[in-house]
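Structural overview for review
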Amino acid sequence: MPISILPPQPAQYLLPPDPDSDRENEKVVLDEDGDFVRMISTPRKRSKAIPIVTPGEIVTSDPQWMRGHGTCLMRGRDSAVDGDDSDVNKLLSVKPLRARYTPEIGDLVVGRIAEVQSKRWKVDINSTLMAHLLLSSINLPGGILRKRTSTDELQIRSFFSEGDLLVAEVQSLFQDGAASLHTRSLKYGKLRNGYFLKVKAGGIVRGKSHIVTLEAANGAGEVDVILGVNGYVWVSKKVTLQAPPGGESITRLEEEASEAIYSNVNEDIAPVTRREIARVGNCVRAMVRWNVRVDEEVLNAVYLSALELEEMGFTEEGGSSNGPECLEGEVGRRAVEAGMERVREANSKARGMVE
Amino acid sequence: MAPLQTSQQTGTPLSPAELSYLHTSLTLTPPIRPDSRTPTQFRPLVAESDILPSTNGSARMIWGDGGECVVGVKAEVERNSATSVGPRDWIEINVEVSGQRDDDAFLGMTVAESLLVPGSGVLERLVLGERFHWKVFVDILLLAPPLSHPATLLTLTTYLALRNTFLPKLISEVVEDPVFDDDWDNALPLYPVGKIPPPITLLVVNVGENIFFDPTREELSAGDVVLAVSICGKKVVGVRTLEGGSGGVGRAVVKRVIKESCEVAEEVFSNLNSVGEGD
Amino acid sequence: MTDRRRINGPLEGTIPPVFLTSSTHKSIIKRSPTTLRKIFLKTGLTPPATGSAFLELPTPSTHSTPTLKLTSSVYGPRPLPSSTTFSSNARLTAELKFSPFSTPGRRRGYIRDGVERDLSAQLSIALGKSVAVGKYPKSAIDVFVSVLDCEGGLGDAGDEAGGGVDVGLMSVLATAISCASAAIADAGIECFDLVAGGVAGLVLEQGGVVEEDRVEKSLEVGQDSDDARRGMRKNGKVTLVLDPSPIDGYIILAAAAVGYMAARDELTLVWTKGSMGWDGDSTDEVERIVDGAITASTGVRLVINEAVKERLLLGLKEMGLIRGKAVSGDGDAAMS
């Protein structure tokens, strides 16, 4: 069926908050939008039931608390943004449940160059302010330790030009909250050989590793997924650096690699790899659509479930002409549910092993 | 001059590597779309009709990429005037894109052009005796402009609204001032079943030898030519080239676009007609 | 919206004078449906512009025949203003404007209306794909077309359409494309190919004679021609008319305008309107008018080539680089 037109439905809550989450000190809260968030359960008695506050609501009148982000002082303390409040020691702050991305130092982000200035780039990272990438905080071709020259300034567009995608780390924050990025590692830099997609900023878990390598099915090789904390996701073919023939030194290898860092040319990607890249992208999109936050473990599970569903030949009623990898609508929900089930099983198994 | 702020030209362009990846994927046989749809598959969309009680007909639709559109149709009785002769201005179409200051006259023209295609027989149903006629106002409100071109969203919603538009039944004689039947149940549909239905416009992009329906923003920028094909019943009543794309198109492709549009449109029509029947 | 900076005429009450249709309108030499009108095209008429062209059709014309007259001027490539963002390609903008006196009947205002914006957008789409924009980074190419005179109406409210689709706007767009293309070539801007515009329409034929002068009163038109369509589809034949003009009096059931790059065999613009009857397959008829419009634009292309070449030869001759090879006439190219 080329088109499906659905009647409007009330917001669907996909998954009941999983009761036996492996993170014991966490509590899962379901808000009105159907988003559920994991949060540290607080020792405070008052907020145990509903730790979600609305703007203007008085959080506490106890003078022992320190005022953190998202709160302001009236006669007591009250929250300024809609969201859940958490407290670390005596600091009380309120985080919005759904807002644009707020950069924090150390975050891995995917960004798109929006503007080129004389010594820096402005990068769109889905945040309130454009991030800055200074010419001095990128790897210049010809070795990491090369000094920056005025020639580099003149040919700044040969490194990154408008529209280019890059993966970077938040190095520091300016006074106004704008992020300053750096790409001074071989992991970071220009993005090639893949496909970019955008989900909402809260859809990605801020976790340990954000560069996930999936073993793709159907002989497609390995697929790299870069889950930017800002909600920008890059799915690409895994490219390994090949040592030059003759076994040269590691510095030579680095030099070679850095020469190719700023190339705009894709490698040859087989159709089967492209198909799996699309499927992984669909998985990420379906997970965020059905309110599951993306991290490595869950993504792996959902990807496997999506493959299984295709094998089983599950399609919507009459939807036989859909693309087999397509995860729109109901198929996506099934895949995500199955994936979550898989994660839960794995968790309980692991717990059983420990015991 | 930017005629369409809502088109893909807003914001920054795609990176060269991204474009080449998309272009190669889309030119493969069979092509691989970024979201794994088949070339003729649409993103699921949500639609409902008869939502505004103070209109003669209304509809609302939410597009796959977040575009939302509300259409209200109102009819007023107007005296035939000497200065405006033709029945062409008996149907007035206004498009308002929220968040944009200027009304988009260009979009309105695209809708109007296909709506006023001669011979569709709508204008005859607006005649009220010798001296009066109905004036139909179609107000299209684009609450959230979609990332891709809004033409399809506008026309599909307009189609739904017009399909559900009813005009009170005239009970007076031809020469008299018009008097209408009070009973709303006797109202006559503006587009009766079996007559020529209102038109819809489908967006088609071609990449190399392949053609795609319901393109996303990325597909639009990787494509060669973007065509909007208006279809009324089983007939193509208009083709327009839209902004976007990077090259020319061979005539064989144009012919294929037209042929496949007719087939896809048939499916779209049958789906649209079933909106509101389920509940 | 009214323009507050100008003194506007009275809001209501002025009705344009209605003149009796003079017999000259009917005495146009009848051309066969596949003949194009003669085109006068001359480039380099606006010295301050980088490139310019003037197009008139049909030629020769007497002062009483309605004609289509356009001038086009191209400025650039010139640097983009510093406030705009970086662009690695040249930005081509096209603007089409009707002179206030260009239409018969009602005067057109100075403010750009929807029709003008629509045609401008389509014009820039058609031209943009032929110019090598990648060769001129950070620069702007501005194309201005002004319509001095357009034959017949433009399908405004109040114009009698005669139950068919109007081709007025379509032929304005197609000639604007051709004219602007010649101006771009005159400006010496690098192009992949020249775009020529062509229009074709389908009319009903009855008894071997292309049906003419079936202009009825507007109210009956819809129903009547609808019936006529159904009735005549059986006995009448559908004829393709190249380069139809709104004053020819045809009832055009479907029409197409294209921008066509003849050397690359590619279309940069397709615009079709209308449809034949409501039964049967429509794809072949759309194909037919698109093919017809391509044929028309191929004819126009020859004129553009000729006009561009002649201007060049004229310039070379003035400089004394070419001797002896006389340029015929005063540089106008005609095509029949």
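- Named according to an unreviewed UniProt entry, chain C is (Perigord truffle) hypothetical protein originating from Tuber melanosporum.
- Taken verbatim from the UniProt record of chain C, the Sequence similarities (unreviewed entry) comment is "Belongs to the RNase PH family."

- An unreviewed UniProt entry lists chain A under the name (Perigord truffle) hypothetical protein, with Tuber melanosporum given as the organism.
- Annotation of chain A in UniProt includes, under Sequence similarities (unreviewed entry), the sentence "Belongs to the RRP4 family."
- UniProt lists a comment for chain A under the heading Subcellular location (unreviewed entry), and it reads "Nucleus".

1. What to know about the overall build of chain A
- The helix and strand tally for chain A stands at 5 helices and 20 strands.
- Out of the 355 residues in chain A, the part that is buried amounts to 34%.
- Long-range contacts, defined here as pairs at least 24 residues apart, represent 61% of the contacts in chain A between residues at least 6 apart.

2. Considering the sheet that holds strand 1 (residues 40-43) of chain C
All names here are of chain C.
- Spatially, 5 strands are ordered 1-2-3-5-4 in an open sheet, and the strand pairing comes out mixed. Among the strands making up the open sheet, the edge pair consists of strand 1 and strand 4 (91-98). Sheet twist, expressed as the mean angle between neighbouring strand axes with direction ignored, is 15 degrees.
- Relative to strand 3 (residues 68-79), strand 2 (residues 51-57) is paired through 7 bridges, and the arrangement is antiparallel. Following the sheet pairing, glutamate 56 is matched in strand 3 by lysine 69.
- Against the sheet, helix 2 (residues 168-186) touches strand 1, strand 2, strand 3, strand 4 and strand 5 (139-149), its axis set at about 145 degrees to strand 2.

3. Details of the UniProt feature "domain: Exosome complex component N-terminal" (unreviewed entry) in chain A
- Mapped onto this numbering, the UniProt entry annotates "domain: Exosome complex component N-terminal" (unreviewed entry) at residues 52-72 of chain A.
- Taken end to end, residues 52-72 of chain A comprises 0% helix and 43% strand; its first and last C-alpha atoms sit 16 Å apart.

4. Some points on helix 5 (residues 251-273) of chain B
- Under the 1.5 Å per step criterion, the end-to-end length of helix 5 of chain B is 33 Å for 23 residues, consistent within 8% with the ideal 33 Å.
- Taken together, the buried positions of helix 5 of chain B are occupied by Val253, Val254, Val257, Ile258, Ser261, Cys262, Val264, Ala265, Val268 and Leu272 of chain B.

5. Examining the packing of helix 1 (residues 114-128) of chain C against helix 2 of chain C
Residue and element names in this part refer to chain C.
- Packing of helix 1 against helix 2 leaves a shortest axis separation of 10 Å and a crossing angle of 45 degrees. With respect to each other, helix 1 and helix 2 are oriented oblique. Seen from above, helix 1 lies across helix 2 with right-handed handedness. Touching Val115, Leu119, Gln122, Leu123, Ala126 and Leu127 of helix 1 are Leu169, Val172, Leu173, Ala176, Ile177, Ala180, Ser181 and Ile184, all from helix 2.
- Residue composition of the contact of helix 1 with helix 2, by class: 12 nonpolar, 2 polar and no charged.

6. Some remarks on the packing of helix 2 of chain C against helix 4 (residues 283-318) of chain C
All names here are of chain C.
- Close contact between helix 2 and helix 4 brings their axes to 10 Å; oriented N to C, the two are set at 30 degrees. Of the possible angle classes, the one that applies to helix 2 and helix 4 is roughly parallel. Once helix 2 is placed against helix 4, the crossing between them reads as right-handed. For the pair helix 2 and helix 4, contact is made by Ser178, Ser181, Ala182, Ala185 and Asp186 and by Val300, Ile304, Ala307, Val308 and Arg311, respectively.
- Here the residues of the contact of helix 2 with helix 4 are counted per class, giving 6 nonpolar, 2 polar and 2 charged.

7. What about helix 2 of chain C?
- The terminal C-alpha atoms of helix 2 of chain C, which comprises 19 residues, lie 27 Å apart, in line with the 27 Å expected from a rise of 1.5 Å per residue.
- Looking one or two residues beyond helix 2 of chain C, the residue adopting positive phi is glycine 188 of chain C, at roughly 75 degrees.

8. Let's talk about unusual backbone geometry
- Backbone torsion omega between threonine 29 of chain B and proline 30 of chain B reads -5 degrees, so that peptide bond is classified as cis.
- Relative to the elements of secondary structure, proline 30 of chain B occurs in the loop between helix 1 (16-27) and strand 1 (45-49).
- Put simply, glycine 76 of chain C and proline 77 of chain C share a cis peptide bond, and its omega is 0 degrees.
- Positive phi, normally seen in glycine, also occurs at aspartate 50 of chain B, with a value near 55 degrees.
- Within the secondary structure, aspartate 50 of chain B is located in the loop between strand 1 and strand 2 (57-62).
- Classification of aspartate 50 of chain B by C-beta neighbours within 10 Å gives partly exposed; the count is 17.
- Located in the positive-phi region is lysine 138 of chain C, a residue other than glycine, with phi close to 60 degrees.
- The residue lysine 138 of chain C is located in the loop between helix 1 and strand 5 in this model.

9. Quick word on the nonpolar core
- Membership of the largest hydrophobic core comes to 225 residues, with the highest contact counts inside it found for Val233 and Cys283 of chain A together with Leu123, Leu127 and Ala180 of chain C.
- When residues of this core are assigned to their parent elements, the largest contribution, 13 residues, is made by helix 2 of chain C.
- For valine 233 of chain A, the contacting residues outside a window of four places in its chain are Val110, Leu197, Val199, Val225, Ile226, Leu227, Gly228 and Val284 of chain A.
- One finds Ile52, Val53, Val59 and Val94 of chain A within the second-largest nonpolar core, a separate group that totals 5 residues.

10. Some thoughts on the pairing of strand 2 of chain B
Residues and elements named next belong to chain B.
- Buried residues dominate strand 2, accounting for 6 of its 6 residues.
- Residues Gly57, Ala59 and Met61 point to one face of strand 2 and Ser58, Arg60 and Ile62 to the other, with burial holding for every one of them.
- Sheet topology note: the strand 1/strand 2 ladder contains 4 bridges and is antiparallel. Of the residues in strand 2, the one forming a bridge with alanine 47 is methionine 61.
- As defined by bridge partners, strand 2 adjoins strand 3 (residues 68-79) across 6 bridges and the pair is classed as antiparallel. Among the inter-strand pairings, isoleucine 62 is bridged to a residue of strand 3, identified as glutamate 68.

11. Details of the pairing of strand 3 of chain B
- In this structure, strand 3 of chain B lies alongside strand 6 (residues 132-144) of chain B, joined through 12 bridges in antiparallel fashion. Residue pairing across strands places cysteine 69 of chain B opposite leucine 142 of chain B, the latter belonging to strand 6 of chain B.

12. Comments concerning the environment of isoleucine 226 of chain A
Residue and element names in this part refer to chain A.
- Relative to the elements of secondary structure, isoleucine 226 occurs in strand 19 (residues 222-227).
- Accessibility expressed as a C-beta count within 10 Å gives 22 for isoleucine 226, which makes it buried.
- The sequence separation of isoleucine 226 and alanine 168 amounts to 58 residues, and the corresponding C-alpha distance is 11 Å.
- Sequence-distant contacts of isoleucine 226, defined by excluding residues within four places in its chain, comprise Val110, Val167, His210, Ile211, Val233 and Trp234.

13. What about the confidence of the model for chain A?
All names here are of chain A.
- Summarising the model, chain A shows a mean pLDDT of 75, and 72% of its residues fall at 70 or more.
- Residue range residues 14-50 is modelled with pLDDT below 50. Its contacts to residues more than four positions away, or to other chains, number 56 contacts.
- Long-range and interchain partners of residues 316-321, a stretch whose pLDDT sits below 50, account for 9 contacts in this model, where long-range means more than four residues apart.

14. Details of the confidence of the model for chain C
All names here are of chain C.
- Within chain C, residue pLDDT values average 76, and 73% of them lie at 70 or more.
- Scored below 50 in pLDDT, residues 157-162 makes 16 contacts in the model with residues more than four places away or belonging to other chains.
- When the criterion is pLDDT under 50, residues 325-336 qualifies, and its contacts beyond four places in sequence or with other chains add up to 26 contacts.
- With a pTM of 0.79, the predicted complex shows an ipTM of 0.81.

The rules we used
Residues numbered from 1 in each chain as written. Chains lettered and ligands numbered in written order. Predicted model: local features only at pLDDT ≥ 70, side-chain atom pairs only at ≥ 80, totals over all residues. UniProt positions renumbered as here; feature names shortened; annotations may be inferred. Helix = DSSP H or I, 4+ residues; strand = E, 2+ residues; numbered from the N terminus. Buried ≥ 20, exposed ≤ 12 C-beta atoms within 10 Å, placed from the backbone. Contact = placed C-beta atoms within 7 Å. Pairing = 2+ DSSP bridges. Axes fitted to C-alpha atoms, helices over the stretch in contact; angles between N-to-C directions. Expected span 1.5 Å × (residues − 1). Parallel < 35°, antiparallel > 145°, perpendicular 65-115°, else oblique. Left-handed = near helix turned anticlockwise from the far one by under 90°. Nonpolar A, V, L, I, M, F, W, Y, C, P; charged D, E, K, R; others polar. Core = buried A, V, L, I, M, F, W, Y, C linked by C-beta atoms within 7 Å. pLDDT = per-residue confidence, 0-100.

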